[in-house]
Amino acid sequence: MEQIKERDPIIEFTNFTFQYYTQSEPTLYDINLKIYPGEKVLILGPSGSGKSTLVHCLNGLIPFAYKGEITGSLKIKGYETRDLDIFRLSKFIGTVLQDTDAQFVGLTVGEDIAFALENDNVPVDEMRKRVEEAAKLVGMEKFLKSSPFELSGGQKQRTTIAGVLVDNVDILLFDEPLANLDPATAKRAIEIIDELHKNLGKTVIIVEHRLEDVLHRPVDRVIVINEGRIVADMNPHDLVSSNILTSSGLREPLYVAALKYASVNVESKKTPGYIFTLKLDEEDKNKLKKWYKQGARNDDNDDNDKSPSNSHVPLLKIENLNFSYERGRQVLKNINLEVRKGEMISIVGKNGAGKSTFAKVLCGFVREDSGKMYFNGKDMSDMTIKERAQVIGFVMQNPNQMITKTIIYDELALGLRLRGVSEAEIEDKVKEVSKICGLYSFLKWPVSALSYGQKKRVTIASILTLDPEILILDEPTAGQDFSHYSEIIDFLDTLNSLGVTIIMITHDMHLIMEYSDRTLVFADGEIIADTQPSSVLTNMELVQRANLKETTLYTLAQIVGIDNETSFVQHFIDYDRLVRRNNARKVNFV
Amino acid sequence: MQEKLISYNTETSFIHSLSGLTKLIGFILLTSTVMYTYDIRIIVAMLIFSFALLRLAKIKFSQIKLMLIYVLVFLLINEAITFLFSPQEGVKLYGMSHEVFRFTERYVLTLEQLFYQITKFLKYISVIPLGMIFLFTTNPSELVSSLNRIGVNYKIAYAVALTLRYFPDVQKAYVDISLAQQARGIDLSRKAKFKDRFKNALLILIPLIFSTMERVEKISNAMDLRGFGKYKKRTWYTTKKFDLKDYLAISICILILIATILFSITVNQGRFYNPFR
């Protein structure tokens, strides 16, 4: 570290302030930050903290595409950035944007990697050579002719990284590289970034809010941004030992939360920044063991708290369901399932395992080849899409794909209006639902004035006006930071406690653990496990087949020497829920 | 489920192996030939030639069936309208009048008119296989790079490429949105009144437009960051090098055009072949 600092910084912010012309206050205040050549730095911050603005300042999209007022100085490789244009800057800094799916400009992998070279008028022969070299760096050389549809999320990301490497930049800037990736792919992405950093010696900047996932591999420094200011610039050990994460609305790593629950003093000398460097002494281990044992007893009593009703007829019953889009390629194979009223179920599995298709069959969007589905004992095969929607509501991942009206009231009323319900009745229902959803005071607002999380609520509310008994949500928390995540999911939890059965299709391990009672694992069109989340997350075979990753709690249990990892994880879940419920009682739901 | 781009098929044939630019130039030359001449003998020869090329490009009839039907319907309507608006065009052109059938005073069917309209019909028909060959055997990216190489601004050419690239995505988003909206109660079936159906379609279009705009912003940022639009020119990864085949193909096309023009000037003394004289 010391010898690095003697060199000149490659990036240097001095008293840097930025304000968008469209905003009344600056988004970044008085930033002072130096990054040195060869460093690997994580920039961490919740949504709205200003970290995306910082990314845009670095790569030149500010002021090229987004206009505003800059004061102070930002130098990259000694050049003042306001004197450079976006093209010169792009030769120093290569940006890998989030959502690699949406930025794939080529029709094949090779073409996409070549994009920057094409724009630079590189002759075709040299271009082919350089594309192949860049593809080799990320292991994509065999896929040069593949189209984006044939690639997995991880392969698309590697292609995008190669597209930046091909330009031979000094700095690699990753803007939320883990958004939209499942846990296993995210883990692999962090490994690739780490390998590139080690092998190529480039300066690497990762901007993320998923701290625990990034810390799967070491970083030199973590810079925390909140409300437009730098609130921390330290190594991961110091960071997790402080209370900066919680005070900035960021999530602590799970094992750190567990240590704190067990009253273990988390301090820098235990090197707690990464699970693989964590050093616990005997006393700490005993504290964890004691916490675990004590809990095991209490939890038993608490178990009946939220158990589903025990009526004889299941709310939803599915027998021998089969489905295929085209002959010979079966997407759902012999699905059997019973769902009881009041359950909160998570569905996990790789992309293409059949999860979304399953939801589509339930909603009647596509017709099953064979099998039976019963709702409250009634055969569903004659029900149309519209009729099914009255009992099973479906919420898409992207709220912008669902919202059709400009005023919130109209959006909530749409489903009822299309069913010819009287305006008086509609008004009553919309008011009732909007109160539950915390949207009552917004009813006359335009949808465009809402945040992403609020829009999500609007879409859920617009489905709830039809009084469905089951709500299916596709990736309800994808790409959301901790506070938006909490906002969405606490709301779902409230709905659940009001009796709505909830089924969530998700990759989010926190969501699975913290909120669902039951997890279905889909693989190759079959349900290969139907059990409690703690059992799924501690079963390495299931973890692998569902593209999840082992939780750090599992590793912690092993470090401490607790044999029954599943039960340890379960205890954490129960304890954590209790803590959150007690906190929720203190803060009234608005 | 995920299909490759609608038209392009990855066969291997002589035509496929030609550079995109060759195909574009060839297409323009041959189409010009057919458009220039009104000599039915040349047109029939070209018709046979273009169907032979279709065979050579390994394009199956089933692939072009639908398109062919559309074009035929369009052409037949076109023929009817031509007759309605200028029933004596052939007489004017060929300077003779052999009456075949008299509908009314104005609408008299003549041999000349019949001959003129058949010639025109065959002209258009022989262009279709050429267009299909071009579309079906040219990789969309190559198409774009060849457009650029004959002088189309590359930003416009790239807009074409991106449209092709994202068309399946938008299509998929449309299906998803439409299903979710149908679940909310939007009726798109024939049961609904036309006015309602139109209004309902709008309810699907709005979220589609908004989510597409989101994408467009992301793509344009990604392109800016990788230097798109930096220079007046750019190179193309998919460019195929010209080799003997390409020169040969272009030469043949040029010869055909020149031969047609020479034949017209010397033998026909004009673009029209007049058998009535």
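Keep in mind it's a predicted model, so treat the numbers as computed, not measured. (Residues numbered from 1 in each chain as written. Chains lettered and ligands numbered in written order. Predicted model: local features only at pLDDT ≥ 70, side-chain atom pairs only at ≥ 80, totals over all residues.)

Undergrad: For this particular structure, what's the right way to read the overall build of chain B?
TA: The helix and strand inventory of chain B stands at ten helices and two strands. Its helices and strands taken in sequence order, chain B reads α-α-α-α-α-β-β-α-α-α-α-α from the N to the C terminus. Its C-alpha radius of gyration of 24 Å places chain B more than 25% over the 19 Å reference for a compact globule of 277 residues. Taken over the C-alpha atoms alone, chain B extends approximately 65 × 55 × 35 Å along its principal axes. When burial is assessed residue by residue, chain B has 31% of its 277 residues classed as buried. Of the contacts made within chain B by residues no fewer than 6 positions apart, 74% connect residues no fewer than 24 positions apart. (Helix = DSSP H or I, 4+ residues; strand = E, 2+ residues; numbered from the N terminus. Rg over C-alpha atoms; globule rule 2.2 N^0.38 Å. Buried ≥ 20, exposed ≤ 12 C-beta atoms within 10 Å, placed from the backbone. Contact = placed C-beta atoms within 7 Å.)

Undergrad: Hey, could you run me through the overall build of chain A in this one?
TA: Helices and strands together make up the secondary structure of chain A, namely 24 helices and 20 strands. Scaling as 2.2 N^0.38, a compact globule of 590 residues should have a C-alpha radius of gyration of about 25 Å, and chain A matches this with 25 Å. Considering only C-alpha atoms, chain A reaches an extent of 75 × 60 × 50 Å along its principal axes. Counting all 590 residues of chain A, 49% fall into the buried class. Taking the intrachain contacts of chain A between residues at least 6 apart in sequence as the baseline, contacts between residues at least 24 apart amount to 69%.

Undergrad: What should I look at first to understand the sheet that holds strand β14 (residues 370–375) of chain A in this one?
TA: Hydrogen bonds between backbone atoms are what pair the strands of a sheet, whose relative direction is either parallel or antiparallel. Residue and element names in this part refer to chain A. The sheet built from four strands is open, its strands ordered β12-β11-β14-β15 with antiparallel pairing. One side of each edge strand has no neighbouring strand; the edge strands of this open sheet are β12 (329–339) and β15 (378–379). Pairing geometry for strand β11 (residues 316–326) and β12, over seven bridges, is antiparallel. Of the residues in β12, the one forming a bridge with E326 is R329. (Pairing = 2+ DSSP bridges.)

Undergrad: Hey, could you run me through the interface of chain B and chain A in this one?
TA: How big an interface is tends to be stated in terms of the accessible area lost upon association of its parts. In this assembly, 43 residues from chain B lie in contact with 49 residues from chain A. At the level of secondary structure, the elements contributing two or more residues to the side of chain B that touches chain A comprise α7 (140–149), α8 (154–184) and α9 (194–225) of chain B. No other element matches α9(B), which puts 14 residues into the side of chain B that touches chain A. Looking at the side of chain B that touches chain A, its residues break down into 20 nonpolar, eleven polar and twelve charged. (Nonpolar A, V, L, I, M, F, W, Y, C, P; charged D, E, K, R; others polar.)

Undergrad: Explain the domain arrangement of chain A here, please?
TA: Residue and element names in this part refer to chain A. Examined at the domain level, chain A breaks down into domain 1 (2–249), domain 2 (253–306 + 554–590) and domain 3 (316–553). On a C-alpha basis, the centroid separation for the pair domain 1 and domain 3 is 34 Å. Element by element, the count of residues in the side of domain 1 that touches domain 3 is highest for helix α8 (residues 183–200), at four residues. Its residues placed into classes, the side of domain 1 that touches domain 3 shows four nonpolar, seven polar and three charged. (Domains from an automatic or database assignment.)

Undergrad: Help me understand the confidence of the model for chain A in this model?
TA: Reading fine detail from the predicted coordinates is not recommended where pLDDT is low. Confidence along chain A averages 90 in pLDDT terms, with 95% of residues attaining 70 or more. Note that residues 300–307 of chain A has pLDDT below 50 and, in this model, one contact with residues that lie over four places away or in other chains. (pLDDT = per-residue confidence, 0-100.)

Undergrad: Is there a simple way to think about unusual backbone geometry in this case?
TA: Negative phi values dominate among residues other than glycine, just as trans dominates among peptide bonds. Residue and element names in this part refer to chain A. Cis geometry is found at the peptide bond from I62 to P63, where omega equals 5°. Looking at the element boundaries, P63 is found in helix α3 (residues 61–64). Positive phi, close to 40°, is recorded for N15, a residue that is not glycine. Secondary-structure assignment places N15 in strand β1 (residues 11–20).

Undergrad: Help me understand the nonpolar core in this model?
TA: In a soluble, globular protein the nonpolar side chains are often hidden away together inside. Core analysis: the biggest nonpolar cluster contains 180 residues, and I43(A), A162(A), I205(A), A258(A), I472(A) and L553(A) have the highest contact counts within it. The residues touching I205(A), leaving out its near neighbours within four places in the chain, are I35(A), V41(A), I43(A), I171(A), L173(A) and F174(A). Listed in part, the 19 residues of the second largest apolar core include V34(B), L130(B), M132(B) and I256(B). (Core = buried A, V, L, I, M, F, W, Y, C linked by C-beta atoms within 7 Å.)

Undergrad: Help me understand the environment of Q544(A) in this model?
TA: Of note, Q544(A) is situated in helix α22 (residues 540–545). Q544(A) gets classed as partly exposed once you count the C-beta atoms within 10 Å, which come to 14.

Undergrad: Just to check I follow, could you spell out the packing of helix α2 (residues 20–36) of chain B against helix α6 (residues 111–137) of chain B for this structure?
TA: A pair of packed helices is captured by two measures, namely the crossing angle of their axes and the spacing between those axes. Residues and elements named next belong to chain B. Look at α2 against α6: their axes get within 10 Å of each other, and the N-to-C directions meet at 175°. When the axis of α2 is compared with that of α6, the two are roughly antiparallel. From α2, K23, F27, L30, T31 and V34 reach across to α6, where they touch K123, S126, V127, L130, F134 and T137. (Axes fitted to C-alpha atoms, helices over the stretch in contact; angles between N-to-C directions. Parallel < 35°, antiparallel > 145°, perpendicular 65-115°, else oblique.)

Undergrad: What is the right way to look at the domain arrangement of chain B in this model?
TA: On domain assignment, one finds that chain B holds domain 1 (14–139 + 241–268) and domain 2 (148–225). Centre-to-centre separation of domain 1 of chain B and domain 2 of chain B, based on C-alpha positions: 35 Å.

Undergrad: Where do I start with the sheet that holds strand β5 (residues 79–80) of chain A in this structure?
TA: Read from one edge of the open sheet, four strands run β2-β1-β4-β5 (chain A), paired in antiparallel fashion. One side of each edge strand has no neighbouring strand; the edge strands of this open sheet are β2 (28–35) and β5 of chain A.

Undergrad: What exactly am I supposed to notice about the packing of helix α3 (residues 40–56) of chain B against α6(B) here?
TA: Residue and element names in this part refer to chain B. In the contact formed by α3 and α6, the axes pass within 9 Å of each other and the chain directions differ by 25°. It follows that α3 is roughly parallel to α6 by the angle criterion. The chirality of how α3 crosses α6 is left-handed. For the pair α3 and α6, the contacting residues are I40, I43, V44, M46, L47, S50, F51, L53 and L54 in the first and T119, L122, K123, I125, S126, P129, L130, M132 and I133 in the second. Its residues placed into classes, the contact of α3 with α6 shows 14 nonpolar, three polar and one charged. (Left-handed = near helix turned anticlockwise from the far one by under 90°.)

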